[in-house]
Amino acid sequence: MRVSDIGEFGLIRRLTEILGSEVIGDDCAHLQLGNTYLLLTTDLMLEDVHFLRRYPPEAVGWKSLSVNVSDVAGNGGEPKWVLVSLMLPDLELGYIERLYTGIKKACEFYRCEVVGGNVSRGERLGIDVFLVGLSPKPVGRKGAKPGDSLFVTGTLGDSRAGLELLSMEKEKYEDFELALIERHLRPTARIDYVKHIQKYANASMDISDGLVADAHHICERSSVRIDIDSSKLPFSNELLRFCEKYGKDPKDYALYGGEDYQLLFTHPKARWNPFLDMSEIGIVSEGKGVFVDGKPAEGGYKHF
Ligand code: TPP
């Protein structure tokens, strides 16, 4: 049997069994230390899997931090300390300097600090970030309650459209296309939602593999059913223009596109905050599985 026979999540289940762990299963590990919690998370960005060598290195550095901060923010924490491990071919020094300029900018923006790391020679470029965050009250995938509403921040689907535009390698892009590319290359983790998540969310996570795929994680860990109403999905104007121009359906991008790094969370409808860019897109009830407009839904980014 190979990894591709059981997939990424089958593999994680198998590894969790070997470890005999009862705590693995959220975007971050939540470790209590006195009256605060340490949130620990790690995410690897690998050349040709997550980015290409021709992308601006500053953007790759920025994104390697953002995807980790997104996990901590999605669990209701503030990012604090970072370790960066590099797997490196013998590259131009200027490339690595620009990569680290992006990492530094992200640290300033998210208010965290690189405190160490490691370097090893490798065939392909890889950036492995380990992030420690702090939270007085972490929120994980478990805890969604029947009767909660399902909310999402920002807009969905832009990143996948940006990735498709990048892979077209066009000589010239329209402004709205450049905005979508920017959202793919330089996502911003939603640290502006940390307090809201801490205060109100029953379950929460960030969206990296796609809305439907990630909603399944909340369903499984919380033992609930989630119904998404596709007429309520938030689209950006840029995504709508992209879909019009290339004959695509924006719902496909919002439901199954990956790397949005928006947050997905549940709480009672009454806690909806009109001053935040959150959309109510569905409901939580007793049962299991993710449904879109009443039909069972599967799909999203798969590593294997
Ligand atoms: N091909 C390239 C060159 N770049 C990409 N970003 C993708 C494909 C699409 N892609 C790569 S990983 C991924 C997607 C949509 C999903 C998210 O990454 P993952 O490592 O699973 O993040 P995690 O869930 O661990 O936070």
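See the structure above.
What counts and how
- Numbers given for residues are sequential positions, taken from 1 along each chain in its written order.
- Owing to the predicted nature of the model, reporting of local features is limited to residues with pLDDT of at least 70; listing and counting of side-chain atom pairs is limited to 80 or more, with chain, interface and lining totals taken over all residues.
- Derived side-chain values reflect all non-hydrogen atoms in the structure, with water molecules and hydrogen atoms excluded from consideration.
- Buriedness for pockets is judged along seven lines, at least five of which must meet protein on both sides within 12 Å for an open set on the 1 Å grid over protein atoms alone, while cavities are sets there where a 1.4 Å probe fits but cannot get out, and lining residues have an atom within 4 Å of a point.
- Grid points are joined across faces, edges and corners, and a volume is the space filled by probe spheres set on the points.
- By the criteria applied, helices consist of DSSP H or I runs no shorter than four residues and strands consist of E runs no shorter than two, each listed in order from the N terminus.
- For this classification, Asp, Glu, Lys and Arg are treated as charged, while Ala, Val, Leu, Ile, Met, Phe, Trp, Tyr, Cys and Pro are nonpolar and the rest, including Gly, are polar.
- Where each domain starts and ends comes from a domain assignment, either automatic or drawn from a database.
- Just to be clear on terms, a salt bridge is a Lys or Arg side-chain nitrogen sitting within 4 Å of an Asp or Glu carboxyl oxygen.
- In this text, near means that some heavy atom of the residue lies within 4 Å of the molecule or strand in question.
- Definition of a polar contact: a pair of N or O atoms within 3.5 Å, with one able to donate and the other able to accept a hydrogen when the atoms are protein atoms, and with sequence-neighbouring residues admitted only if both atoms are side-chain atoms.
- Method for areas: the Shrake-Rupley scheme with a 1.4 Å probe, in which residue coverage is limited to the protein chains shown.

J.: Which parts of the structure should I look at to understand the layout of surface pockets?
T.: Over the atoms a probe the size of a water molecule is rolled, and this reveals where empty space is left. The space that makes up the second largest pocket amounts to roughly 400 Å³. Lining of the second largest pocket is provided by 18 residues; of these, F9, A213, H217, E298 and K302 occupy positions nearest its centre. Among the elements of the structure, helix 1 (3-19) and helix 7 (211-222) are those that each provide at least two residues to the lining of the second largest pocket. The leading source of residues in the lining of the second largest pocket is helix 1, at six residues. Broken down by class, the residue content of the lining of the second largest pocket amounts to five nonpolar, seven polar and six charged. Looking at which domains feed residues into the lining of the second largest pocket, each of domain 1 (3-135) and domain 2 (149-296) gives three or more.

J.: Looking at this structure, I do not really get the pattern of salt bridges. What am I missing?
T.: Any two side chains of opposite charge can pair, on the condition that their charged atoms come close. Under the defined criterion, the tally for this structure stands at 22 salt bridges. Note that K195 and E78 form a salt bridge whose closest N and O atoms lie 3.3 Å from each other. Of the two residues, K195 is situated in helix 6 (residues 194-200) and E78 in strand 3 (residues 78-88); the sequence distance between them amounts to 117 residues. Among the salt bridges present, the one from R186 reaches E182, with a minimum N-O distance of 2.9 Å.

J.: Looking at this structure, I do not really get the site of the ligand. What am I missing?
T.: In the neighbourhood of the ligand, 14 residues make up the surrounding shell, with D43, H50, S208, E259 and H303 lying closest. One nitrogen or oxygen atom from the side chain of H50 is found 2.9 Å from an oxygen atom belonging to the ligand. Side-chain polar atom of E259 to a nitrogen atom of the ligand: 2.8 Å apart, as the coordinates give it. For the ligand, whose free accessible area comes to 590 Å², the fraction covered by protein is 84%. A class-by-class count of the residues in the shell around the ligand yields six nonpolar, five polar and three charged.

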